[in-house]
Each structure stands twice: as structure tokens, then as C-alpha cells.
Amino acid sequence: MAYQQEETIDLALEELARLKQEIEHKDAIIAQKDLIIAKQQRELFGTSSEHASRLNDQHELQTQEVQIARPDNLEVDKEIPQPIKVFAAARKKPCWKPFPTHYPRVPVVHPCPDVCECCKGRNLAYLGTDITETLEVKPREWKVLSHERPKMACRGCGHINQAPAPFHPTPRGRMGPNLLAMILSEKFNQHQPLNRQSERYAREGVDLSPSTLGDQVGACCKALQPLFERIEAHTLAAERLHGDDTTIPVMAADKTTIGRIWTYVRDDKPSGGPAPPAAIFYYSPNRKGEHPQNHLSKYKGILQADAYGGYGQLYEHGSIVEAGCWAHARRKFFELADLRQALVHPLAVEAVRQIDALLAIERELNGASLQERQRVRQDRSAPLVADLEAWMRGIKPKLAKHSEVAKAVDYMLKRWPAFVRFLEDGRVCMTNNAAERALRGIALGRKSWLFAGSDRGGERAAFMYSLIGTAKLNKVDPQAWLADVLGRIAEHPAKRLDELLPWNWKAAQQA
């Protein structure tokens, strides 16, 4: 009888353990789904800012050692939620800045009454004038240049003399360089599609169809090809490049496909280099690794990029050295530290705190010489990097294998030599922000023009982004530069074509 009771108790305990395990299994699934939903909600509705001020109390959150295993490889980290205080930023009182002094001043005089408003007397003395300035703009004015070429016949030999026909930037074109530059700048700098430009011009009484505008864009790309080649050569001659890519929807037969815009940026200013910055863009219909391999087939130097696998073959050849991006690594932790309070992971907050300490040192070195950057990094950054590595390797065995924090830690540790390369070489930057800034305009443009009309449209977009992006990096007004270049490039000597590059053009304008 006692034996049967013990057997019944054992069966009940086994059933209880099974139910408990099943509950924990389901809790693990729910917790994992909650984390996925929270990350998606942040991506869709949360702020894109990754400023450390959003995590004001991150230094008060203590790292907890956790290891939670679940059956069927469903593992999550169950942490005690810690409150994060977010304080509103102090807002400065808005105020008008003085208008530029080079703007013409048009006086508008408001005469003073001849009779005193108080006593009706006429004995008034002049005390001065109060001036209130109002900014105004003149509406766009269209005009047609009528080129007149008189013909003169020689009475002696009968030869007819006449001035040569005027030059147009595009073959058989009837648009001047200023109009072409405005169309290009509106489309690729201000992200206004050609159909919207056509509608706006029509409201002003000028009939320019989208197809006509598209043909002129293509003709301008052909005319500016020599400048693109020189910018490309200058960019790929850098000792360090920043590389990245982004998506671009492309119209297909019955749907849109996802193409890619690749960028490679040369920016030597952080390391005190004198060379002017430049950026080139390329288009591809997909994200296969063959595309960056073709772009950089002749390049030798340092490539600062994310962990995209397509760069792997470039690194294997040995001519290109990989440098990791700490901003990408930080973002993986920040996304876990910026979720709602119930899901905030203290380990992610601690990782962000340690990486921010390194980035703060790097900001002090912006523009310093190579020797100074390397000396300070060895003295101040190297110990922090060693502490961060020891901390991550210490917590990794205690984390669930498939947890989000473990994935962020693995992202860095698997590529650790690339991440610490900035300690050994002053030319290397800690982040790839230069390339991300270059792609920001495309991300904004996608919300306006929605998609490229074809692969050829994507190639033209990459071409013009290269010219306009390089002009902006050199603080040159793209529209003014394009207008001047389009008006001169056909007659400009090929040996002096470098004079039209944005940095040389700017210097000539300032001289």
C-alpha cells in the first residue's frame, strides 16, 4: 500500500515538473516575442536618435550575471527591470538672427504725420529713425535668351560671314545651364521628382514634360562624365575609405524590386589630412558581393565598413585592411537599452556606457595629427578597450546562447581585431559615420520620389549623388557649381579639367 502511494507521489511530482517546464517554455516564448515586438515598435514609432542622454541613469544600473536555458533552444535573459529617467532637454528661447549684410536693402519710408497726435501742434523736431527689417523674395522669373547672329556678305569674294552658333550644354538642347542646374539640384539634392517639377513649371506657364526633363538629366550626366571620373580617381586614391550601402526601390514590370546604392567616402579631416573630401556612389540591382569587389578591385588601403559578408573576399586578398565600426556595434546594444522599461537590459546599458567613454575621447581627437591620435589612443583608449573586452568575455558564458545581448556581444568579439585596429593606426576612425551621413539624403529622398524608374535611372541617380555629395562635402552650393560647370565644360581645355572640381572651383571663386 505504501509502495503504491510513493509511486503515485512520484508520478504527481513528475507531472508537476513537466507542467512547470512547459510553463517556463511558454514564458520563454512570450518573453522572446515581447522583445521582438518592442524592437519593431521602436523601429517604426521610436525616435532615431541614439544620443546617450536618453539613458541618463545607465551608470546606476548594475550588471547582473544571468544564464537562463530553455528547451528546444528557446533561451531568453530574464532581468529585473530598472527604471530609466529621461529628462526633457532645456529649450533655448527662439530669436531672429540678423539678415546677411550683402542682401540689398530697399528703403520703404513711412512718413511721420505733420501734426502732433497729442496736441495737434505743427512744431515737430526730428529725433531719429527706427528701422524694422523684413525679409522678402522675388518670385522666379523666366526669360528666353534670343541669340541673334547677323550674316554679312563680302562684296569682294562673296563669302558669307557669321558668328558661330551658341553653345548649349546638352546636344540639341534648348535649356540654359542655370535651368539645367536647377532641375538637377531639385531632383537629386532637394529630392523633388521630375513629375512634380513639371507640374510646378506648368503652373508658372512653362510646359516641360517629365520625359523631356528626364532626357536632359541623361544628357547632363553624359556631359559631366569627365568630372565623375576625376572624383572617382581622387576618392579611390585615399589611404582610408568609408563604405556603406542602402536600399533603393526600382520599378519593374509589375512591381518594384530592391536595388542598392553603394557609397565610398574619402574624408581625411579627422586625422588632419589636407586632401579635400569626396564621395562616389554606385548602383546595383542587388546586394551580391561581386559589386563591392568590382568597385574596389584596384583599391589598396583601409576600408571602414560594417560586417557585410560581401567585403570578405576583399579582405582575404590582403590589399584591403578591415576596420570595424563602433557605431554599428553600439547601435545593437542601444536598441536593447532604449526599449520600454519592462524590457530594458542592464547589460546593454552598461555596454553603451563603456563605448560612449571611448567615443568621448575620440571626439577630442577630431582633426589632430596622426601621431597625436595614436599617442592619446594608446594612453587613454587602450585601457578602456581592454576593460571592455574582458567584461564582454566574462559575461558571454553566463548569457543564454540565443539572447539578443549575446548576439550583440558576439558581433564585436568575432571581429575584435577589426574593432581594435584604430589603436594601432592613427588613420583609422572609430566609426563609419562619414558613409552613413553620405547616404542620409537617399533615405530622405525615398520618402519623396518612392522609387527609381529603371536600372538606368538608378545609375543616373548614383552618378549625380557623387557630384552633388562631393560638392556638399566641400561646402560648395551644388546648384551654383553645376550651373557654372555646365556652361563651361564643353569649351574647357581637357588638361585643365581639374579646375572644375568642387574644391578647386571654390578656391577660384574665393580668389
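In this report, the structure presented in the accompanying data block is examined. No experiment lies behind these values; they were computed from the predicted model shown.

Here we come to the overall build of the protein chain. Per the secondary structure count, the protein chain includes 16 helices and seven strands. For the protein chain, the residues scored as buried account for 41% of the 511 residues in total. Within the protein chain, contacts between residues at least 6 apart in sequence are counted, and of these 67% link residues at least 24 apart. With the model as given, the accessible surface of the protein chain reaches about 31,200 Å², and the carbon-plus-sulfur share is 53%.

Where burial is concerned, most of strand β4 (residues 256–266) is hidden: eight out of the 11 residues are buried. Pairing of β4 with strand β5 (residues 278–284) involves seven bridges; the strand directions are antiparallel. Pairing of Y264 across the sheet is with I280, part of β5.

Moving on, we get to the pairing of strand β7 (residues 320–323). Relative to β7, strand β6 (residues 301–304) runs parallel, the two sharing four bridges. The residue bridging Q304 from the neighbouring strand is A323, located in β7. Read as a crossover between parallel neighbours, the route from β6 over helix α7 (residues 312–317) to β7 is right-handed.

A separate point is the packing of aromatic side chains. Counted by the stated rule, this structure contains 12 aromatic pairs. With centroids separated by 6.1 Å and ring planes inclined at 65°, the aromatic side chains of W96 and F99 adopt a geometry described as edge-to-face. With 5.6 Å between their ring centres and 80° between their planes, W326 and F419 make a pair best called edge-to-face. Here W326, found in helix α8 (residues 326–337), pairs with F419, found in helix α12 (residues 416–419); they are 93 residues apart in sequence, far enough to count as distant. We note that W326, like F419, is buried. Through a chain of ring-to-ring contacts, the aromatic side chains of W326, Y411, W416, F419 and F422 assemble into a single cluster. Taking the ring centre of F188 as reference, the NZ or CZ of K187 above it sits at 5.3 Å.

The geometry of helix α4 (residues 210–223) relative to helix α14 (residues 455–473) is characterised by a closest axis approach of 10 Å and an angle of 55° between their N-to-C directions. Comparing the axis directions of α4 and α14 gives the class oblique. When the axes of α4 and α14 are compared, the crossing they make is left-handed. Taking contact as the criterion, the partners of G214, G218 and C221 in α4 are, on α14, R460, F463 and M464. A per-class count over the contact of α4 with α14 returns three nonpolar, two polar and one charged.

With that settled, consider the pattern of salt bridges. In total, this model carries 23 salt bridges according to the counting rule given. One salt bridge connects R393 with E389, and the closest N-O pair in it is separated by 3.1 Å. In this pair, R393 and E389 both sit in helix α10 (residues 370–395), four residues apart, roughly one turn of the helix. You can call R393 partly exposed: its relative accessible area is 42%. Note that K396 and D410 form a salt bridge whose closest N and O atoms lie 3.0 Å from each other. Highlighted residues: K396 in the loop between α10 and α11 (404–413) and D410 in helix α11, separated in sequence by 14 residues. Within this structure, E239, D425 and R427 form a network of salt bridges that share partners.

Now for the sheet that holds strand β3 (residues 240–251). The mixed open sheet is built from five strands, whose spatial order is β5-β4-β3-β6-β7. Two strands in the sheet have a free side with no partner beyond their single neighbour: β5 and β7. Each adjacent strand pair in this sheet contributes to an overall mean axis angle of 30°, direction not counted. Packing of helix α13 (residues 433–449) onto the sheet brings it into contact with β3, β4 and β5, and relative to β3 it is tilted by some 10°. Against the sheet, α14 contacts β3, β4 and β5, and its axis sits at roughly 170° relative to β5.

This part is about α4. For α4, spanning 14 residues, the distance from its first C-alpha to its last is 20 Å, which sits close to the expected 20 Å at 1.5 Å a residue. Of the surrounding secondary structure, the elements contacted by the buried residues of α4 are α2 (177–188), α3 (194–203), α5 (225–236), α14 and α15 (478–488).

How each quantity is defined
- Residues numbered from 1 in each chain as written.
- Predicted model: local features only at pLDDT ≥ 70, side-chain atom pairs only at ≥ 80, totals over all residues.
- Heavy atoms only, no water.
- Helix = DSSP H or I, 4+ residues; strand = E, 2+ residues; numbered from the N terminus.
- Buried < 20%, exposed > 50% of the residue type's maximum accessible area, 1.4 Å probe, protein only.
- Contact = heavy atoms within 4.5 Å.
- Areas by Shrake-Rupley, 256 points an atom, 1.4 Å probe, with all protein chains shown as cover.
- Pairing = 2+ DSSP bridges.
- Right-handed = clockwise from strand over helix to strand, strands pointing away.
- Phe/Tyr/Trp six-rings, centres within 6.5 Å; stacked < 30°, edge-to-face > 60°.
- Lys NZ or Arg CZ within 6 Å of the ring centre and 35° of its normal.
- Axes fitted to C-alpha atoms, helices over the stretch in contact; angles between N-to-C directions.
- Parallel < 35°, antiparallel > 145°, perpendicular 65-115°, else oblique.
- Left-handed = near helix turned anticlockwise from the far one by under 90°.
- Nonpolar A, V, L, I, M, F, W, Y, C, P; charged D, E, K, R; others polar.
- Salt bridge = Lys/Arg side-chain N within 4 Å of Asp/Glu carboxyl O.
- Expected span 1.5 Å × (residues − 1).

Keep in mind these values describe shape, not function.
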